[in-house]
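# Examining the three-dimensional arrangement
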Amino acid sequence: MEIADWTYKALIILILLITKNLPSYFLNFHNDGQWLPNLGGAANALVNFQNNQQINWNEIYRANQNTVLGNSAIVLYEDRTDDKLWSLNSILSTSLADNISMNAGVNARKLKSHNFQNLIDLLGGQYFNDVDPFNTQISDDATQADLNNPNRIVGEGDTYGYNYNLLATTIDAFTQFKFRYKKVDFYLGQTFSKAVYQRDGLYRNGLYASNSYGKSEKQNFENFGFKGGLTYKISGRHFLDFNSFI
């Protein structure tokens, strides 16, 4: 784990360099459980930060180019979600009799959502070692983003860190019947929905080695709804309306 150890040290150094320039750094001093903030230092850091908000890119490139074997300590990445959605909609309206009509509809959707970390720029380095340096004190396995491919070397445009698909299937359906009479109109409606979710892990994460890889159990959710309403016609201008739903 020589590369991981070096990455850990380089990353910690960089974090310290960055956080020491932030106001919050001066508010995080403690001694024997007593909070001892440096309010003057925080105020100066705030002014500094407001006057120099741009990231020091030259320092980052220099740090990456001076690491062992060209392994980038800092990279630019994006959290990506690539969705593929299939959808089907159907609506039916018909008259069952002169005074009875029916509306019905169904909507079905199938989603495959790919969630992953995408490496955009090595920022001067030659490659990036896909390990989590903050878990080195737990175990070597805990540092691995994917135990199926330990110590994987990634470059620009590669997936790393986390990688899984979210699979979802949802169905919504409804029916509504309307009845019209001389003194009374009323309707009855029903709805039904069902959703099925499943996670498909593409990496076997070192912290969750037993349940991060492969498909999880499906989670099913169902819902029913009913509604009804009545209109009583007292006269051509006066009505009484009643509505209820569950």
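In the block above lies the structure referred to throughout.
As a starting point, this report considers the structure included with it. All figures in this text were calculated on a predicted structure; none of them were measured in a lab.

On to the packing of aromatic side chains. Here the distance between the centres and the angle between the planes together describe a pair of aromatic rings. In total, this model carries 7 aromatic pairs according to the counting rule given. Look at Tyr77 and Tyr160: their rings are 6.2 Å apart centre to centre, the planes differ by 85 degrees, and that puts the pair in the edge-to-face class. Pair noted here: Tyr77 is in strand β3 (residues 76-97) and Tyr160 is in strand β7 (residues 159-180), with a separation of 83 residues, a long-range link. Relative to Tyr160, the ring of Phe128 has its centre 5.4 Å away and its plane inclined at 70 degrees; by these criteria the two rings are edge-to-face. Taken as a pair, Phe128 in strand β5 (residues 128-129) and Tyr160 in strand β7 lie far apart in primary sequence, 32 residues in all. The two residues Phe128 and Tyr160 agree in class, both being buried. Three or more aromatic residues joined by ring pairs make a cluster, and in this case those are Tyr77, Phe128 and Tyr160. Here the guanidinium or amino end of Arg199 rests over the ring plane of Tyr164, the centre of that ring lying 4.6 Å away.

The next subject is unusual backbone geometry. The phi dihedral of Leu123 falls on the positive side, at around 50 degrees, and the residue is not glycine. Relative to the assigned elements, Leu123 resides in the loop between β4 (100-121) and β5. Classification of Leu123 as buried rests on a relative accessible area of 4%. The phi angle at Asn151 is positive, at roughly 55 degrees, despite the residue not being glycine. On the secondary structure map, Asn151 appears in the loop between β5 and β6 (153-154).

A few words now on the pattern of salt bridges. A full pass over the atoms with the stated rule returns 7 salt bridges. The partner of Arg152 in a salt bridge is Asp130, and the shortest N-O contact between them spans 2.3 Å. Here the residue Arg152 occupies a position in the loop between β5 and β6, and Asp130 occupies one in the loop between β5 and β6, the gap between them amounting to 22 residues. Assigned by exposure class, Arg152 and Asp130 land together as buried. Residues Lys233 and Asp185 are paired through a salt bridge, measuring 3.1 Å at the closest nitrogen-oxygen approach. With a gap of 48 residues between them, Lys233 in strand β10 (residues 219-233) and Asp185 in strand β8 (residues 184-201) connect regions that are remote in the sequence. Take Asp185: its relative accessible area is 22%, and that puts it in the partly exposed class. Beyond isolated ion pairs, a larger network of salt bridges with shared partners links Glu78, Arg80 and Asp82.

Cut-off values and rules
Residues numbered from 1 in each chain as written. Predicted model: local features only at pLDDT ≥ 70, side-chain atom pairs only at ≥ 80, totals over all residues. Heavy atoms only, no water. Phe/Tyr/Trp six-rings, centres within 6.5 Å; stacked < 30°, edge-to-face > 60°. Helix = DSSP H or I, 4+ residues; strand = E, 2+ residues; numbered from the N terminus. Buried < 20%, exposed > 50% of the residue type's maximum accessible area, 1.4 Å probe, protein only. Lys NZ or Arg CZ within 6 Å of the ring centre and 35° of its normal. Salt bridge = Lys/Arg side-chain N within 4 Å of Asp/Glu carboxyl O.

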